[in-house]
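Fold and geometry: a report
Given next are the chains, with one letter for each unit.
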Amino acid sequence: MDVLLEMKGIEKVYPNGVVANQGVDFSVAPGEIHALVGENGAGKTTLMKILFGLEQPEGGTITYKGKPLHIASPHVAIANGIGMVHQHFMLVPSLSIAENVVLGLEPKRGLSFDWKTAVSQTEELAARYNLPVNPTARVQDIPVGMRQKVKILKALMRGAELLVLDEPTAVLTPQETTELFAALKKLKSQGHTIIFISHKLREVKEISDRVTVMRAGRLIGVTDTATATERDISRMMVGRDVVLHVDKPPTTPGDAVLRVEGVRYVADTGKEVVKGVSFEVRAGEVLGIAGVEGNGQRELVEILTGLRKPSAGRVIAAGKNVTGKDCRAVRQAGVGHIPEDRMTHGVAGLGTIEENLIADRYDSKALNPRFLLSLKSVSELGKKLVKEFDIRTQSPKTPVKMLSGGNIQKVVVAREFSANPKLIVANQPTRGVDVGATEFIHKKLLENCAEGAGVLLISADLNEVMSLSHRLAVMYGGEIVAVFPNADEVTEEELGLYMLGVKRMKLAAGSEAS
Amino acid sequence: MKKEHVFEVVRSLVAILLAMLLGFIVTYLVSKQPGEAFQSFLTGPFTSPRRFGNLIEAAIPLTFTGLAVSMAFQAAQFNIGAEGQFFFGATAATIVGITVPAPGWLHPILALAVGGVAGAFVGWIPGVLKARWGASELVSSLMLNYVFFRVGMYLINYHYRDTTAGAMVSLPLKETSWLTQFLPPTRIHYGIFVAILAVIFTYLFLYRSRWGYALRMTGLNLPFANYSGINTTSVITYSQVISGVVAGIGGAVEMLGIYHRFQWLALPGYGFDGIIVAILARNNPLGIPLAALFLAYLRTGADIMARTTDVSAEMITVIQAVMILLVTAQAFLAGWKHRIVVKEAKQSV
């Protein structure tokens, strides 16, 4: 078989001591769609960052089109026809699509920017690759699926022949994913080579020709997609059989532990991002909120947990009116919060595990028996929680920053769950977390629920919301557009239609989702 | 990960060594007697008890301002107002020393307390401006240094000036307020014990108290502290108030221990030097006295060099600048550090 790209013996150690790649061999044939799979933290993204010149390896060689290539920076990669579409949106929101696509390669007329040529170049490119976009629309106004296309166009504009897509479907609805795949197949038919990073095995099966599996920084194997089952691939990824299905216990919900009444939020930009949301979460149930990111979920969660003040409406948590109160008051009412972005809100990275575990109770009587903090009590609590929540570390005095994503999330979960909350607000609780830790966090979440806590679960991962929730709601454009009293009776496709705003239920105002 | 601490120490030592080397090169270029100059710079502080005393005396105020700055830095507040706090603390202690009649044991305590309160007041202003309105504490604390310098000069010149003296100085402090110099021929005074207490207090406060914990978490990650239920507004304010207390007491100690009369006509610079001390000690209260002694050693040595040879004391600022540059430059020796990390990581795999 022909080889377009060959990476041999790639080694990468990050400055914090994490070994991301250990002697990884990776090769891609011209004109194929090659899936690179593995759990979070397996080293896929690192390997691709090395290919794109964003990281320098400690060892190994790269051969591209038969010649050795030293990729010192993304400029070198781009000059050689390697393009990368990052997981996070590396676009300028306030600029138009055309401006984003030509950014850095602006057509000029004299000294000024040639807007017309930029638009026509973008249109031409979009037509050639069947990635229809409106070049004059601002990036901030277009949906996520469209942004994904813009990023691909941007890479193609720079002459990319080998395209790396880092989890492109993570934020897409099923329908948008289908559309993206059609475009990728078209690219392939036009001779482009695609490396597709994912951990959604169904998509890997659907789109790729070959699969490379990585685990814990090592290459585990390469196989033709056609001959491997999802189960085979997942076993290679995790190293054991995985329970892909969670058994959620049946529930007999109790009293409401959260009542949200007509909550609205107007952003600084004047845009109303939460438009009169009402619902209830009862003790002993999981209410899932599905939705594409950026439809007001973040603002809603921040309002419920005290990080943001609503413009209107009421929030009653565990019987207490906490509308507009700060985080301390919300916590005292009995609310635990697993935040969306753990490194910003969930932990202090430079603090030790212990220090992070006591953040919500550092001034309690138990830890301050006399005037000073009792280091003994702190360290006992640390040891206990590290054990109970299976936080993999040499010592509770290790800085949190040194842990893997999954273990950092366990630190957050340990702190929030050990406070015995009556209501748990979990926003993307397993994003960027490996399969083992995900299983563990799901188990703990359901345990707390069975013991009588109410859980509000917000997740962009359809699989997660569908398998954990008793009831489901869908958020679109700042509103709740659908409620399903029994989460088991919904299909992904149907949810997708609501998430895209194609369908909406008629819900009586004020009684939504209750 | 012990090796990383070793690395930090080695890195600081290399930075100091390089700075010294550069200092020597500069000396060599400008001096007719470079060898003697550098020798008196390096060994001067140890050539007589009086000179050694000078070193210790100089380290005392630096310890206070170093502690004050490190406290603010730990809360991620770039408060460089220690200069004004120190100065105003000294002014307030002077007034107490001149006007209040009190017995010998109470008088210094009273003067130190009032000095601390004065420093706290100066620290409180940028703190509250930052916490309430988000005003940059860097700008407000820097400007306040000059405001309180003028206020202090006004108080001394118009209300407590000794008109019989030939220079612009205050009336002498009552002897009851003095901190005794107990090791003649040096001027080392009881203030050294106050400094040691301040180190212990700051350490316990930062690492053993709930308030210090809240302060450090606020410094490490403000959104996280907020999310955890820490009242970060109040943390930001009290971090600067307590930092002001420490600096203010430092100013008072200096006045009661060394001068016995207010005689500064410009900002003495201890607050700005406190920033250097805090950086060298990596904001660790237990490292502050060592860093203060080291800086005092450089300063004393430079003074002796200036007095005995043809090289002026300002040469030391070159050394200081290079040292701070290298210590704070993250990338300095980073390649070496990375190799250590890689080696360790590979061994532990």
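Throughout, a residue's number is its position along its own chain's written sequence, starting from 1. Note on labels: chains are lettered from A, ligands numbered from 1, in written order. A pLDDT threshold of at least 70 governs which residues receive local features in this predicted model, and a stricter bar of 80 or more applies before side-chain atom pairs are shown or counted, although totals over entire chains, interfaces and linings include all residues.

1. Some details on the domain arrangement of chain B
All names here are of chain B.
- Either an automatic procedure or a domain database provided the assignment from which the domain bounds are taken. Looking at the assigned domains, one finds that chain B contains domain 1 (1-31 + 312-349) and domain 2 (51-310).
- Two residues form a contact once the distance between their C-beta atoms, set from the backbone, is within 7 Å. Between domain 1 and domain 2, the residue contacts involve 10 residues of the former and 11 residues of the latter.
- Gly counts as polar in this scheme, as do all residues outside two lists: the nonpolar Ala, Val, Leu, Ile, Met, Phe, Trp, Tyr, Cys and Pro, and the charged Asp, Glu, Lys and Arg. Class assignment for the residues of the side of domain 1 that touches domain 2 results in six nonpolar, four polar and no charged.

2. A few points about the environment of Lys 506 of chain A
- Relative to the elements of secondary structure, Lys 506 of chain A occurs in the segment after α17 (492-499).
- A C-alpha to C-alpha distance of 32 Å links Lys 506 of chain A and Lys 325 of chain A, two positions 181 residues apart in sequence. Starting at the N terminus, helices and strands are each numbered in turn, a helix being any DSSP run of H or I of at least four residues and a strand any DSSP run of E of at least two.

3. Here's the deal with the pairing of strand β3 (residues 33-37) of chain A
Residue and element names in this part refer to chain A.
- Think of it as a crowd count around each C-beta: if 20 or more other C-beta atoms lie within 10 Å the residue is buried, if 12 or fewer it is exposed, and in between it is partly exposed, with C-beta placed from the backbone throughout. Counting buried positions over the five residues of β3 gives five, a clear majority of the element.
- Residues Ile 33, Ala 35 and Val 37 of β3 are buried on one face, and the alternating residues His 34 and Leu 36, pointing to the opposite face, are buried as well.
- Alignment of β3 against strand β10 (residues 193-198), held across five bridges, turns out to be parallel. Its bridge partner lying in β10, Val 37 is registered against Ser 198.
- Judged from the four bridges that link them, β3 and strand β11 (residues 210-215) form a sheet pairing that is parallel. Residue pairing in the sheet places Ala 35 in a bridge with Val 211 of β11. By definition, two strands form a pair when at least two bridges between them are found by DSSP.

4. What about the interface of chain B and chain A?
- Listed as interface residues are 22 residues of chain B and, on the opposing side, 26 residues of chain A.
- Listed by contribution, the elements that provide at least two residues to the side of chain B that touches chain A are α7 (191-208), α8 (210-220), α9 (222-227) and α14 (334-348) of chain B.

5. A word on the sheet that holds strand β14 (residues 272-282) of chain A
All names here are of chain A.
- Judged by pairing direction, the sheet is antiparallel, and its four strands sit side by side in the order β14-β13-β16-β17 without closing on themselves. The strands lining the two open edges of the sheet, one partner per strand, are β14 and β17 (320-321).
- Alignment of strand β16 (residues 312-317) against β17, held across two bridges, turns out to be antiparallel. Bridge pairing in β17 places Ala 317 opposite Lys 320.
- Interaxial angle, 0 to 180 degrees, is taken between N-to-C directions of lines fitted to C-alpha atoms, where a helix line uses only the stretch in contact. Helix α9 (residues 297-305) contacts β13 (256-266), β14 and β16 of the sheet and is inclined by roughly 125 degrees relative to β13.

6. Concerning the packing of helix α4 (residues 82-99) of chain B against helix α6 (residues 137-159) of chain B
Residues and elements named next belong to chain B.
- Direction vectors running N to C along α4 and α6 enclose 15 degrees, while the axes themselves pass 8 Å from each other. As the angle between them shows, α4 and α6 are arranged roughly parallel. Relative to α6, α4 is oriented so that their crossing is left-handed. Residues Glu 83, Gly 84, Phe 87, Phe 88, Thr 91, Thr 94 and Ile 95 of α4 form the contact with α6, whose own contacting residues are Leu 144, Asn 145, Phe 148, Phe 149, Gly 152, Leu 155 and Ile 156.
- Of the residues contributing to the contact of α4 with α6, the split by class is eight nonpolar, five polar and one charged. Should an angle fall under 35 degrees it is taken as roughly parallel, and over 145 as roughly antiparallel, whereas 65 to 115 is taken as roughly perpendicular and any remaining angle as oblique. Each crossing gets its handedness from the near helix: less than a right angle anticlockwise from the far helix is left-handed, clockwise is right-handed.

7. Quick look at the environment of Ser 239 of chain B
Residues and elements named next belong to chain B.
- By the element assignment, Ser 239 lies in helix α10 (residues 232-259).
- Residue classification places Ser 239 among the buried positions, given that 30 C-beta atoms sit within 10 Å.
- Considered as a pair, Ser 239 and Tyr 297 are 58 residues apart in the sequence and their alpha carbons are 29 Å apart.
- Contacts of Ser 239, omitting those with residues within four sequence positions, involve Met 71, Ala 72, Ala 75, Gln 77 and Leu 215.

8. So, helix α4 (residues 115-128) of chain A
Residue and element names in this part refer to chain A.
- The span you would expect from a helix comes to 1.5 Å times its residue count less one. Here α4 spans 20 Å end to end across 14 residues, near enough to the 20 Å set by a 1.5 Å rise per residue.
- Along α4, the residues classified as buried are Ala 118, Val 119, Thr 122, Leu 125 and Ala 126. The buried residues of α4 occupy an angular sector of 130 degrees when the element is viewed end-on, so they sit on one face. Opposite the packed face of α4, turned more than 90 degrees from it, sit the exposed residues Lys 116, Glu 124, Ala 127 and Arg 128.
- Asn 130 lies just past α4 and shows a positive phi near 55 degrees. Arc definition: directions from the helix axis to the C-beta atoms.

9. Here we look at the confidence of the model for chain B
- Within a predicted model, pLDDT stands for the predictor's per-residue confidence, ranging from 0 to 100. Residues with a pLDDT of 70 or more make up 97% of chain B, whose mean pLDDT is 90.
- The complex model carries a pTM of 0.82, and its ipTM stands at 0.85.

10. Comments concerning the sheet that holds strand β5 (residues 67-68) of chain A
All names here are of chain A.
- Here four strands make up an open sheet; going across it, the order is β2-β1-β4-β5 and the pairing antiparallel. Only two strands of the sheet have a single partner each, and these edge strands are β2 (19-28) and β5.
- Inspection of the sheet shows strand β4 (residues 59-64) paired to β5 by two bridges, in the antiparallel sense. Opposite Tyr 64, over in β5, you have Lys 67 as the bridge partner.

11. Side note on the pairing of β10 of chain A
Residue and element names in this part refer to chain A.
- Where burial is concerned, most of β10 is hidden: six out of the six residues are buried.
- Taking every second residue as pointing to the same face, both faces of β10 are buried, with Thr 193, Ile 195 and Ile 197 on one and Ile 194, Phe 196 and Ser 198 on the other.
- Of the strand pairs in this sheet, strand β9 (residues 162-166) and β10 are connected by five bridges, and their pairing is parallel. Within the sheet, the bridge partner assigned to Leu 163 lies in β10 and is Ile 194.
- Assignment of crossover handedness uses the view with strands pointing away from the viewer, where a clockwise path from the first strand over the helix to the second indicates a right-handed crossover. Note that the unit made of β9, helix α6 (residues 174-189) and β10 has a crossover that is right-handed.

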